Amino acid sequence: MNRQAFEEDSPLPAYPPDSRFLRQIPLFGKEGQKKLADARILLAGAGGLGSAIATYLSAAGVGYIRIVDEDVVERSNLNRQILYHEQDIGVCKVEAAEKTIHALNSDVEVDAVCRHIDEKSVNDLVSGMDLILDGMDNFTARYVLNRACLDAKIPFIHGAVNGFYGQVTTLVPGVTPCLRCIVPTTPTWEKNAIIGVTCGAIGSIEASEAVKYLTGTGKLLENRLLLWDGLRGECESIKIVNSPDCNDCGFSEDEPDSRRSSQ
Amino acid sequence: MKITVKAFATFREVMDMQVELELPAGATVRTLLSELAARYTGLDTLMFSAPDTLRDFVNILKNGRNIHFLAGLDTPLDGGDMIALFPPAAGG
């Protein structure tokens with residue numbers, strides 16, 4: 001529980017009023033701030049996207065972040081993974097991430113999990129979470145998480161980056177297509193270039209979707225895919241629709257509860 | 001019939017971001033791609049690994065639905081369709 005936002009409401013204020021969230025509370029009220037403090041999110045991947053997402057959601061006062069990654073920090077990560085610093089090279093990413101998050105906001109409860117995301121681990125990882133955020137670097141893990149989100153009926157904010165390009169969409173089971181509907185097979189790329197500014201742009205949009213979802217503010221990127229083109233300074237969102245024949249969700253628009261996995 | 005095509009990310013390196021084509025009735029996605037390949041040098045190589053075989057990052061949405069779940073390259077087109085050529089980013 002992040003106490004800072006509610007001190008003014010307390011009949012017996014034990015601490016001096018905290019101004020940390022003063023500038024954002026007008027956007028969604030103290031109720032919205034409390035919803036952020038009460039929220040439990042899974043951040044899958046602590047790389048470039050995960051760095052932007054963790055930073056902004058910690059700063060915004062999300063109360064509980066389970067951050068999952070099995071890698072250690074490498075020098076070649078430092079062009080984009082802003083959770084880490086030179087002294088973190090060789091350290092487990094999620095441990096270094098926890099330190100950075102706590103330096104920014106010590107009230108955030110961080111569950112740092114150094115673990116591979118696969119069929120064996122995924123159910124434990126998503127258990128008890130309100131929202132899943134995609135900071136992963138491959139579609140194999142994304143499909144595992146997509147399936148787990150459908151089974152547990154937890155919204156999944158998808159984001160991915162490649163060079164100056166990226167995409168984001170908010171996937172809500174029974175309401176929107178699932179990841180497999182829009183990207184049915186794993187895309188492979190020969191070039192694997194990436195720069196931090198793209199991770200920052202896409203990670204920030206994912207974090208923005210999380211804040212909106214958790215506080216009930218604005219309109220989510222549902223049934224739309226936002227495509228970011230940093231090379232040309234262009235951004236467009238296109239309509240996406242579910243596929244009744246999708247192996248993962250397979251729900252029909254006419255029968256929203258007809259998902260195959262639940263039959 | 002008029003078809004609108006929107007190209008994203010790496011496809012923009014060989015073709016326009018948006019193009020409108022006039023195609024004959026009965027045209028399919030395959031017809032559309034042939035027409036585009038004739039117009040834009042390098043697009044055919046970018047999209048196909050072999051004749052009739054799209055590369056795995058080539059996702060084609062017809063009015064928002066992936067043609068993978070329709071009839072693939074044989075998916076019929078209708079006047080007013082919006083086709084998105086979308087190579088998904090995969091990194092994080």
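Structural data are supplied above this passage.
Residues numbered from 1 in each chain as written. Chains lettered and ligands numbered in written order. Predicted model: local features only at pLDDT ≥ 70, side-chain atom pairs only at ≥ 80, totals over all residues.

## Brief notes about the overall build of chain B
And then number 1: Looking only at helices and strands, chain B features two helices and seven strands.
And then number 2: Moving toward the C terminus, one meets the helices and strands of chain B in the order β-β-α-α-β-β-β-β-β.
And then number 3: Taken over the C-alpha trace, chain B has a radius of gyration of 12 Å; the compact-globule value for 92 residues is 12 Å, and the two agree within 12%.
And then number 4: Projecting the C-alpha coordinates of chain B onto the three principal axes gives extents of approximately 40 × 30 × 25 Å. (Helix = DSSP H or I, 4+ residues; strand = E, 2+ residues; numbered from the N terminus. Rg over C-alpha atoms; globule rule 2.2 N^0.38 Å.)

## With respect to the sheet that holds strand 5 (residues 156-162) of chain A
Residues and elements named next belong to chain A.
And then number 1: The eight strands lie next to each other as 3-2-1-4-5-6-7-8, forming an open sheet whose pairing is mixed. Both outer strands of the open sheet, strand 3 (109-113) and strand 8 (234-239), are each paired with one neighbouring strand and no more. If you compare each strand with its neighbour and ignore which way they point, the axes differ by 15 degrees on average.
And then number 2: The sheet contact formed by strand 5 and strand 6 (residues 165-171) spans seven bridges and is antiparallel. Pairing of histidine 158 across the sheet is with threonine 169, part of strand 6.
And then number 3: Those strands touched by helix 7 (residues 196-215) are strand 1 (40-44), strand 4 (131-134), strand 5, strand 6 and strand 7 (224-229), and its axis lies near 170 degrees from that of strand 5. (Pairing = 2+ DSSP bridges. Axes fitted to C-alpha atoms, helices over the stretch in contact; angles between N-to-C directions. Contact = placed C-beta atoms within 7 Å.)

## Examining the interface of chain A and chain B
And then number 1: Every contact between the two is made by 36 residues of chain A and, on the other side, 20 residues of chain B.
And then number 2: Contributing elements (two or more residues each) for the side of chain A that touches chain B: helix 2 (48-60), strand 5, strand 6, helix 6 (179-182), strand 7 and strand 8 of chain A.
And then number 3: The class makeup of the residues in the side of chain A that touches chain B is 18 nonpolar, 14 polar and four charged. (Nonpolar A, V, L, I, M, F, W, Y, C, P; charged D, E, K, R; others polar.)

## Some points on the pairing of strand 6 of chain A
Residue and element names in this part refer to chain A.
And then number 1: Across the seven residues that make up strand 6, a large majority, seven, are buried.
And then number 2: Neither face of strand 6 is exposed, since Tyr165, Gln167, Thr169 and Leu171 on one face and Gly166, Val168 and Thr170 on the opposite face are all buried.
And then number 3: Of the pairings in the sheet, the one linking strand 6 to strand 7 comprises four bridges and is antiparallel in character. Following the sheet pairing, valine 168 is matched in strand 7 by leucine 226. (Buried ≥ 20, exposed ≤ 12 C-beta atoms within 10 Å, placed from the backbone.)

## Structural notes on unusual backbone geometry
All names here are of chain A.
And then number 1: A positive phi is found at lysine 153, a non-glycine position, where the angle reads about 55 degrees.
And then number 2: Its location among the elements puts lysine 153 in the loop between helix 5 (139-152) and strand 5.
And then number 3: For lysine 153, a count of 11 C-beta atoms within 10 Å translates into the label exposed.
And then number 4: Its identity as a non-glycine residue notwithstanding, asparagine 223 has a phi of 60 degrees, on the positive side.

## So, the nonpolar core
And then number 1: With 96 residues, the main nonpolar core has Ile41 and Ile132 of chain A as its most contacted residues.
And then number 2: No other element matches the nine residues that helix 7 of chain A contributes to this core. (Core = buried A, V, L, I, M, F, W, Y, C linked by C-beta atoms within 7 Å.)

## Some words on helix 3 (residues 93-104) of chain A
Residues and elements named next belong to chain A.
And then number 1: An ideal rise of 1.5 Å per residue puts 16 Å on 12 residues; helix 3 measures up with 17 Å between its terminal C-alpha atoms.
And then number 2: Among the residues of helix 3, those classed as buried are Lys93, Val94, Ala96, Ala97, Glu98 and Ile101.
And then number 3: Looking at the buried residues of helix 3, the elements they touch are helix 2, strand 2 (64-68) and strand 3. (Expected span 1.5 Å × (residues − 1).)

## A look at the sheet that holds strand 2 (residues 18-22) of chain B
Residues and elements named next belong to chain B.
And then number 1: The mixed open sheet is built from five strands, whose spatial order is 2-1-7-5-6. Strands at the two margins of the open sheet, each flanked by one partner only, are strand 2 and strand 6 (65-66).
And then number 2: Bridge count for strand 5 (residues 59-62) against strand 7 (residues 82-86) is four bridges, and the pairing is antiparallel. Bridge assignment links lysine 62 to a residue of strand 7, and that residue is isoleucine 83.

## Section: the environment of asparagine 79 of chain A
All names here are of chain A.
And then number 1: Take asparagine 79: it is sitting in the loop between strand 2 and helix 3.
And then number 2: Measuring from C-alpha to C-alpha, the distance between asparagine 79 and lysine 219 comes to 32 Å, with 140 residues separating the pair along the chain.
And then number 3: Look past the residues within four positions of asparagine 79 in its chain and what remains in contact with it is Ile195 and Gly196.

## Structural notes on the packing of helix 2 of chain A against helix 3 of chain A
All names here are of chain A.
And then number 1: One way to put it is that helix 2 packs onto helix 3 with a least axis distance of 9 Å and a crossing angle of 35 degrees. Here helix 2 runs over helix 3; the crossing is right-handed. Facing helix 2, whose interface residues are Ala54, Thr55, Ser58 and Ala59, helix 3 presents Ala97, Ile101 and Leu104. (Left-handed = near helix turned anticlockwise from the far one by under 90°.)

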